[in-house]
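Reading the structure
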Amino acid sequence: MVLCSGRVSVVLEPDGREVAAIEKGGYFGEMSVLTGEPRSATVIARGETTVLELTAEQFRRLGEHSPSALERLGITAL
């Protein structure tokens, strides 16, 4: 997911401790999309937000078309 507007918090379960905040232009969920592993945290909107959801296939095609986009995310292998 790419955060197009707003702010979200990344929290760990079960205690709900906030471990990160993501603002416009940030992203989350990329590793779970690529690996299929269960998510390790929950993301909670902090007000009105807009997100762009990419499927695993769309994410892979992005990497094929623009490897530098994935490099910016710190992902080097698909």
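**Side note on the sheet that holds strand β2 (residues 7–12)**
Each strand in a sheet pairs with its neighbour through backbone hydrogen bonds, running either in the same direction (parallel) or in the opposite one (antiparallel). Reading across the sheet, the three strands line up as β3-β2-β4 and stay open at both edges, with antiparallel pairing between neighbours. Of all the strands in the sheet, just β3 (17–23) and β4 (42–45) have a single pairing partner and so form its edges. Adjacent strand axes in the sheet meet at a mean angle of 30°, parallel and antiparallel pairs treated alike. Here six bridges tie β2 to β3, and the two strands are oriented antiparallel to one another. Paired with Ser9 across the bridge in β3 is Ala21.

**Overview of the nonpolar core**
Core analysis: the largest hydrophobic core is formed by six residues, namely Leu3, Val8, Val10, Ile22, Phe28 and Ala41. Aside from chain neighbours lying at most four places away, what touches Ala41 is Val10, Val11 and Leu12.

**Here we look at the pairing of β2**
What sits between β2 and β3 in their antiparallel hairpin is a turn of four residues, with Gly16 showing a positive phi close to 75°. Two elements, β2 and β4, share four bridges in a ladder whose sense is antiparallel. Bridged to Val11 within β4 is Thr42.

Cut-off values and rules
Residues numbered from 1 in each chain as written. Predicted model: local features only at pLDDT ≥ 70, side-chain atom pairs only at ≥ 80, totals over all residues. Heavy atoms only, no water. Pairing = 2+ DSSP bridges. Helix = DSSP H or I, 4+ residues; strand = E, 2+ residues; numbered from the N terminus. Axes fitted to C-alpha atoms, helices over the stretch in contact; angles between N-to-C directions. Core = buried A, V, L, I, M, F, W, Y, C linked by side-chain atoms within 4.5 Å. Buried < 20%, exposed > 50% of the residue type's maximum accessible area, 1.4 Å probe, protein only. Contact = heavy atoms within 4.5 Å.

In short, geometric facts, not functional conclusions.
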